[in-house]
Amino acid sequence: MAGIPADRRGLQIAQPETILVLSRPQEALSVADAESGGTPAGAHQGETPNTGEPAPEGTTMRAEAASRQVLALDPGPEQTGYVLADYDQRSGKILVAEAAVKPNAEILRVIGRCPANTLVLVEEMTVYGMMSYAALASILPTVRWEGKFELASDWAGLECLMVRRPDVRKAVAGSCRAKRPHVRACLIEQFSPGQNPRKKGTPLHGVTSHAWEALALIGWYVRTCGKGDEVWQDSGR
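Residues numbered from 1 in each chain as written. Predicted model: local features only at pLDDT ≥ 70, side-chain atom pairs only at ≥ 80, totals over all residues. Heavy atoms only, no water.

## A word on the packing of aromatic side chains
So, step 1. Under the criterion given, the structure shown has two aromatic pairs.
So, step 2. Here Tyr-87 and Tyr-221 contribute two aromatic rings whose centre-to-centre distance is 5.5 Å and whose plane-to-plane angle is 80°, an arrangement assigned as edge-to-face. Residue Tyr-87 is located in strand β4 (residues 79-88), and its partner Tyr-221 is located in helix α7 (residues 210-224); the two are separated by 134 residues in the primary sequence. The same class applies to Tyr-87 and to Tyr-221, which are both buried.
So, step 3. Looking at Lys-148, its charged tip hangs above the ring of Trp-145, at a distance of 4.2 Å from the centre. (Phe/Tyr/Trp six-rings, centres within 6.5 Å; stacked < 30°, edge-to-face > 60°. Helix = DSSP H or I, 4+ residues; strand = E, 2+ residues; numbered from the N terminus. Buried < 20%, exposed > 50% of the residue type's maximum accessible area, 1.4 Å probe, protein only. Lys NZ or Arg CZ within 6 Å of the ring centre and 35° of its normal.)

Now the structure itself:
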């Protein structure tokens, strides 16, 4: 074929109107692919390929594009309070999926079953001044478990943040010296104003004991790193 380079012979030249031009030259989607529901690499479902603007109503968004899971842990020497929630990065809303206190060994399994985009928040022990042997006997095992949870998150390929309790309390309650009852009251006001958290069907139903400290980690994350301060829980729970 005279005039056509050997490496281009046999290729069909598409008409300009049959190609959707994307933000990057190497990404193109033919009309036939578009009609069959195909999506070019680098473009999220539910968005126009070149602008990222919302697609027409009825288009299903990819879950990983709009939300991620947050697993918050309040470690103890034998048990850990945890809250597992879905965080919508666009609206800033959080959906609580699980809240409980479990043996530390079971928390390792909770970490292991989290999807790849999960953010793990672990409360980091803070110690000031001299401590008695009795106090250290409780603190040291807790610190070891903090490290195990961080390592388990790393092995699972999850992002992990170690957060100091004073930072959490200052963000949630306005003072790093805030007591637990005040922190709990601030969390109720932040996530479920005017509702009794013990009542079934309310946003914070099921959050007890150490799980309140874990929820405070999410409160810290939403206030300092997130976009909103609302929380909902699955009504079926």
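## Points about the nonpolar core
So, step 1. Counting 32 residues, the largest nonpolar core has Val-83, Leu-121, Leu-187, Leu-215 and Ile-218 as the members making the most contacts within it.
So, step 2. Residue assignment for this core shows that the elements contributing at least two residues are β3 (67-75), β4, β5 (93-103), β6 (119-124), α5 (165-173), α6 (180-191) and α7.
So, step 3. Considering every element that reaches this core, the biggest residue donor is α7, with 10 residues.
So, step 4. Look past the residues within four positions of Leu-187 in its chain and what remains in contact with it is Val-172, Ser-192, Leu-204, Trp-212, Leu-215 and Ala-216.
So, step 5. Ile-107, Phe-149, Ala-152 and Leu-158 belong to the second largest nonpolar core, which has 14 residues in total. (Core = buried A, V, L, I, M, F, W, Y, C linked by side-chain atoms within 4.5 Å. Contact = heavy atoms within 4.5 Å.)

## Examining the pairing of β6
So, step 1. With five of its six residues buried, β6 lies for the most part within the structure.
So, step 2. Relative to β6, β3 is paired through four bridges, and the arrangement is parallel. Residue pairing across strands places Val-70 opposite Leu-119, the latter belonging to β6.
So, step 3. Summarising the sheet, β6 and strand β7 (residues 159-164) pair through six bridges and their orientation is parallel. Directly across from Val-122, in β7, lies its bridge partner Met-162. (Pairing = 2+ DSSP bridges.)

## Some thoughts on the packing of α5 against α6
Two measures define how a pair of helices packs: the angle their axes make with one another and the distance between the axes.
So, step 1. Across the interface, α5 lies against α6 with an axial gap of 9 Å and an inter-helix angle of 50°. Considering the angle they form, α5 stands oblique to α6. α5 and α6 meet at a crossing whose hand is left-handed. Side by side, α5 and α6 meet where Arg-165, Arg-169, Val-172 and Ala-173 of the first sit next to Arg-180, His-182, Val-183, Cys-186, Leu-187 and Gln-190 of the second.
So, step 2. For the contact of α5 with α6, the residue count by class is five nonpolar, two polar and three charged. (Axes fitted to C-alpha atoms, helices over the stretch in contact; angles between N-to-C directions. Parallel < 35°, antiparallel > 145°, perpendicular 65-115°, else oblique. Left-handed = near helix turned anticlockwise from the far one by under 90°. Nonpolar A, V, L, I, M, F, W, Y, C, P; charged D, E, K, R; others polar.)

## Some details on the side chain of Gln-69
So, step 1. By secondary structure assignment, the location of Gln-69 is in strand β3.
So, step 2. Among the residues examined, Gln-69 registers a relative accessible area of 17% and is labelled buried.
So, step 3. Residue contacts for Gln-69: discarding those within four places in its chain leaves Leu-84, Ala-85, Asp-86, Cys-114, Pro-115, Asn-117, Thr-118 and Leu-119.

## Some words on α6
So, step 1. Between its first and last C-alpha atoms α6 spans 16 Å; for 12 residues at 1.5 Å apiece the expected length is 16 Å, and the two agree.
So, step 2. What α6 keeps buried is the set Val-183, Cys-186, Leu-187, Ile-188, Gln-190 and Phe-191. (Expected span 1.5 Å × (residues − 1).)

## Some points on the side chain of Arg-68
So, step 1. Relative to the assigned elements, Arg-68 resides in strand β3.
So, step 2. Separated by 2.9 Å, the side chain of Arg-68 and the backbone oxygen of Asn-117 make a polar contact.
So, step 3. Excluding its chain neighbours within four sequence positions, the residues that come into contact with Arg-68 are Ala-85, Asp-86, Tyr-87, Gln-89, Asn-117, Thr-118, Leu-119, Glu-159 and Tyr-221. (Polar contact = N/O pair within 3.5 Å; in protein donor to acceptor, adjacent residues only side chain to side chain.)

## Remarks on the packing of α6 against α7
So, step 1. Interaxial distance between α6 and α7 falls to 10 Å at its minimum, and their mutual angle equals 55°. Between α6 and α7, the crossing angle belongs to the class labelled oblique. Pair α6 / α7 crosses with left-handed handedness. Packed against α6, whose contacting residues are Arg-180, Val-183, Arg-184, Leu-187, Ile-188, Gln-190 and Phe-191, the element α7 presents Trp-212, Glu-213, Leu-215, Ala-216, Gly-219, Val-222 and Arg-223 at the interface.
So, step 2. Across the contact of α6 with α7, the residue classes break down as eight nonpolar, two polar and four charged.

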